[in-house]
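What the coordinates show
Here are the chains, one letter per residue:
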Amino acid sequence: MKIAIVGAGAMGSVYAGLLASAGNEVWAVDGWREHVDAIRARGLRVEGASGDRVVRIEATTDPAEAGKADLVVIATKAYDTEAAAESARTLLAADTVVLPIHNGLGGPEAAAAVLGEDCVAIGIAGGFGASIVEPGHVHHHGLELVRLGERHGPATPRIEAIAEVWRNAGFRVETCDDVDRLVWEKLICNVAFAGPCAVLGCTIGEAIEAPSAWAVSSGCVREASAVAGALGVTLGFADAVSFVREYGLKIPGARPSHLLDLLAGRRTEVDFINGAIPRLGRELGLETPYNESVTALVKARERLALRR
C-alpha cells in the first residue's frame, strides 16, 4: 500500500517507520525541513517499545511530490487539521482513504469539511507516549492500541483492509462500529494527563503517584465522563478513573504532548482536549471546574512559553 503521513511529528514518525518496515511505500510529509532533510539523509530512526530500527522512507515538505496515495494519514495537531487537509488534496485519488488520527475533538470533522464526507474515516491511537529525540529520530514508550472506524455507521471492508495493513506492521488494531465511543474513551484518557502534566511539568507516572495531582486528574476524568454520558455516548468501561489509571501505568515515563509543546515553545492542543469539556458542559448545563481550571492554567503557561 502507498501511504502518505501528513504531519510526521512524534506519532506520525512512529506510524511512518513501522508501516514502512512492513514493506509499504511510505511518504512522510512535513513542514519541518530539518526533520525531512535528516530522514532523507540518514533514514528515520524509530526507537522504543517496538525495538530500535532505521528505516529508509521518502520524505518531503511538498505533498505534490508524493503523488497519489492509497491511504493518507493526517497526524498533525488538531488545530492544523484544516490546513493539512487542504495540503493533502494532491494526494487523493478516487478511492483514497483519509485517516485523521488526532487527540481531542473535531479533527475528522475538519478534514471532512475540506475533503468531503466519503473519503474520511477515523483513527484513534493511545498508549504510545511518543516524542522527537532529534530530527530524524523518534522514541515511543508504548505500543498499545490503534482503533479504526468509519465516521458514520459500522466498520466497512475498507476499514478492515486498512486495519490489516497496520496489524502487519506490528500495531495492535481494533475496528469499531461506534466511533463516538472511540473518540470519547481516548479523550477521557487525555484529559487526565494532557493538561495536568503540562501544568505540573511531570510524567504520567508522577501524576498518578502524587495524591494531589491524581485528585485533579481524577476530577477531570469524572467531568469528561459525565459530559459523555449526557451526550448519550456509551463507554466501554464502568469505572472511568480506574480505566484511566491502568492506561497511564502502561506508559509511566511518558510526558504528554502538551508538556512537550510547552517545553519547545509551541502552541498546545488544550482547547481540543481539556478545553472541550467545559465548552460542552456549558451547553449541557454541567459544571466542569477541574477541566476549566486546568485549561486556564495551561493557556497561561502557553502564553509565557510562546513569549520566550
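First, a word on scope: everything that follows refers to the structure included in this document. Throughout, a residue's number is its position along its own chain's written sequence, starting from 1. This being a predicted model, a pLDDT of at least 70 is required before a residue's local features are given, and a value of 80 or more before pairs of side-chain atoms are given or counted; all residues contribute to the totals for chains, interfaces and linings. Where side-chain values are given, they derive from all heavy atoms of the structure, hydrogens and water being excluded.

1. Digging into the nonpolar core
Selection rule: Working definition of a nonpolar core: buried Ala, Val, Leu, Ile, Met, Phe, Trp, Tyr and Cys residues. They are joined through side-chain atoms within 4.5 Å. Categorising residues by exposure relies on relative accessible area from a 1.4 Å probe, with only protein chains included: less than 20% of the type maximum marks a residue as buried, more than 50% marks it as exposed, and the intermediate range marks it as partly exposed. Secondary structure follows DSSP: runs of H or I at least 4 residues long count as helices, runs of E at least 2 residues long count as strands, and numbering of each begins at the N terminus. Between two residues, a contact is recorded if the distance between any of their heavy atoms is within 4.5 Å.
W184, I188, F193 and V244 are the most contacted members of the largest nonpolar core, which has 45 residues in total. Sorting the residues of this core by element identifies β8 (121-126), α6 (179-200), α7 (204-209), α8 (211-230), α9 (240-249), α11 (276-284) and α12 (289-307) as the ones contributing at least two each. In this structure, I188 is in contact with V221, A224, S225, L235, F237, A240 and V244, ignoring residues within four places of it in sequence. The next biggest cluster of nonpolar side chains, apart from the first, holds 40 residues, and it includes A20, A130, V138 and W166.

2. Quick look at the packing of α8 against α9
We count it as follows: Inter-axis angles, ranging from 0 to 180 degrees, are taken between N-to-C directions of lines fitted to C-alpha atoms, where helices are fitted over the stretch in contact. Roughly parallel means an angle under 35 degrees; roughly antiparallel, over 145; roughly perpendicular, 65 to 115; everything else is oblique. By convention the crossing between two helices is left-handed if the near helix lies anticlockwise of the far one by an angle smaller than a right angle, and right-handed if it lies clockwise. Three classes are used, and their members are as follows: Ala, Val, Leu, Ile, Met, Phe, Trp, Tyr, Cys and Pro are nonpolar, Asp, Glu, Lys and Arg are charged, and the others, Gly among them, are polar.
The geometry of α8 relative to α9 is characterised by a closest axis approach of 9 Å and an angle of 125° between their N-to-C directions. Compared by their axis directions, α8 and α9 come out oblique. Remark: the crossing between α8 and α9 carries right-handed chirality. Between α8 and α9, the contacting residues are W214, S218, V221, R222 and S225 on the first element and A240, V241, V244 and R245 on the second. Considering only residue class, the contact of α8 with α9 consists of five nonpolar, two polar and two charged.

3. Observations regarding a nonpolar patch on the surface
The line we're drawing: Patch members must show over 30% relative accessible area and no salt bridge, and they are joined within 9 Å when carrying like charges or within 5 Å when they are nonpolar side chains of Val, Leu, Ile, Met, Phe, Trp or Tyr. Here the Shrake-Rupley method, with its probe set to 1.4 Å, supplies the accessible areas, and only the displayed protein chains count as covering residues. One side-chain nitrogen of Lys or Arg within 4 Å of one carboxyl oxygen of Asp or Glu is enough to make a salt bridge.
On the surface, a nonpolar cluster with roughly 210 Å² of combined accessible area is contributed by L231, L284 and L286. Structurally, the position occupied by L284 is in helix α11. A relative accessible area of 33% means that L284 is categorised as partly exposed.

4. Quick look at the pattern of salt bridges
Between side chains of opposite charge, a pair can form when the charged atoms approach closely. Tallied over the full model, the rule gives 17 salt bridges. One salt bridge connects R158 with E150, and the closest N-O pair in it is separated by 2.8 Å. Given the relative accessible area of 28%, R158 is considered partly exposed. Residue R266 pairs with D261 through a salt bridge whose shortest N-O separation is 2.9 Å.

5. As for the side chain of T96
The condition is simple: Under this definition, polar contacts are N or O atom pairs within 3.5 Å; protein pairs additionally need one hydrogen-donor-capable and one acceptor-capable atom, and for neighbouring residues in sequence, both atoms have to be side-chain atoms.
Position of T96 among the secondary structure elements: in strand β7 (residues 92-100). Take T96: its relative accessible area is 2%, and that puts it in the buried class. A polar atom in the side chain of T96 sits 2.6 Å from the backbone oxygen of A69. Polar side-chain contacts of T96 include one of 2.7 Å to the backbone nitrogen of A93. Once you skip the residues sitting within four places of it in the chain, T96 turns out to touch A69, D70, L71, V72, L91 and C119.

6. Comments concerning helix α1 (residues 10-21)
Which entries qualify depends on this criterion: A helix is expected to span 1.5 Å multiplied by its residue count minus one.
For α1, with twelve residues, the first-to-last C-alpha span of 17 Å sits near the 16 Å given by 1.5 Å per residue. Taken across its twelve residues, α1 has ten buried, putting it largely inside the fold. Here α1 has its buried residues at A10, G12, S13, V14, Y15, A16, G17, L18, L19 and A20. Phi for G23, located one or two positions after α1, is positive at around 100°.

7. Re the layout of surface pockets
Heads up, the rule is: Whether a set of points on the 1 Å grid over the protein atoms alone is a cavity depends on a 1.4 Å probe fitting there but being unable to get out, while an open set qualifies as a pocket with protein on both sides within 12 Å along at least five of seven lines; lining residues are those with an atom within 4 Å of a point. Grid points are joined across faces, edges and corners, and a volume is the space filled by probe spheres set on the points.
Roughly 1100 Å³ of internal volume is contained in the largest pocket. As for the largest pocket, its lining consists of 48 residues, and the residues nearest its centre are G9, A10, M11, K77 and S257. Here the lining of the largest pocket takes five residues from α6, the largest share from any one element. The computed volume of the second largest pocket comes to approximately 320 Å³. Put simply, the parts of the chain that give the lining of the second largest pocket at least two residues each are β8, β11 (145-150), α6 and α9.

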